[in-house]
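The lines below spell out each chain.
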Amino acid sequence: MANNELDLNSVEITPGGTCAIYKCGDHSIYWLGVEAKTAFRCNTYMVVSGGEAVVVDPGSAQHFQTVLERVGQVIDPKKVVGLVLSHQDPDVAASMGNWLELNSRLDIITSPRTHVLLPHYGKADFKFVNTEERPTYEFGAGSKLTFVDAPFLHFPGAIATYDNTSRFLFSGDVWAALSMEWTLCVQNFEDHIPKMNLFHLDYMASNVAARGFANKLDKFEIDAILPQHGSVIGANFVNEAKEYLRDLRCGLDLIYE
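In this report, the structure presented in the accompanying data block is examined.

**Side note on the nonpolar core**
Residues Leu153, Trp175, Phe213, Leu217, Ile222, Ile233 and Leu245 are the most contacted members of the largest nonpolar core, which totals 35 residues. Going through the elements one at a time, strand 10 (159–163), helix 5 (189–203), helix 6 (207–216) and helix 7 (238–247) are the ones with two or more residues in this core. Counting residues in hydrophobic clusters, the runner-up holds 27 residues, among them Cys19, Val56, Phe168 and Cys185.

Printed below as a string of structure tokens:
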């Protein structure tokens, strides 16, 4: 396993909301929230490497100030060099305009299918990093992010992001879960399955898409899965999480059964 100074399953969220979930040398990963009294709780994450940061799925405009304050507890927000957008939904991407007002030189890192919809958030002039043409993104310190296409899970241009240093997978809406009873990390995978079903059965396209994505991940060593909704899935449940996708019947499988 990748070296991590933190025990993921014993990490506690601080009152301010910022929470380190990986640390090794000058490379760290933070959960930034957002805490909300809703089953549709959203997770924003930040990767910090060598004095630079990339925010993964920065979230809605409604929560921008909260996320910005939490980033500022860790690093100067102007040292955020990029935003990774797993897809274009407002709970993922709508704060993009706020971030560009703070720093117009930000890299907006996403797929071409997501890119064409982003100007509807009010900013059409930005630096687009095309994950199909550039499947890895390198920090100045040398650490890398690798992008994995996740078509039709649930958007045609959805992507996941693999941090090569921590071996953490930022999965976007894949493995998302809905529940009022939330913990930062999954404690019991069998108990977690109904929470994932509440999302996946309606939002994900089909077993072909889910199984195909799970098979793509076999070449990666994954120590944690970090979805945009629900709880982080630790290394002890990664194989079960992949099998969940392989067995999943959802979307078109159910509508046109």
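Text resumes after the structure shown.
**Focus: the packing of aromatic side chains**
Under the definition given, this model contains nine aromatic pairs. The interplanar angle of 35 degrees and the centroid separation of 5.9 Å between the aromatic rings of phenylalanine 189 and phenylalanine 237 together place this pair among those described as tilted. With phenylalanine 189 in helix 5 and phenylalanine 237 in the loop between strand 13 (233–234) and helix 7, the pair connects residues that are 48 residues apart, well separated along the chain. With a centroid separation of 4.5 Å and an interplanar angle of 10 degrees, the aromatic rings of phenylalanine 199 and tyrosine 203 are classed as stacked. With phenylalanine 199 and tyrosine 203 both in helix 5 and four residues apart, the pair spans about one turn of that helix.

So, how was this worked out
- Residues numbered from 1 in each chain as written.
- Predicted model: local features only at pLDDT ≥ 70, side-chain atom pairs only at ≥ 80, totals over all residues.
- Heavy atoms only, no water.
- Core = buried A, V, L, I, M, F, W, Y, C linked by side-chain atoms within 4.5 Å.
- Buried < 20%, exposed > 50% of the residue type's maximum accessible area, 1.4 Å probe, protein only.
- Helix = DSSP H or I, 4+ residues; strand = E, 2+ residues; numbered from the N terminus.
- Phe/Tyr/Trp six-rings, centres within 6.5 Å; stacked < 30°, edge-to-face > 60°.

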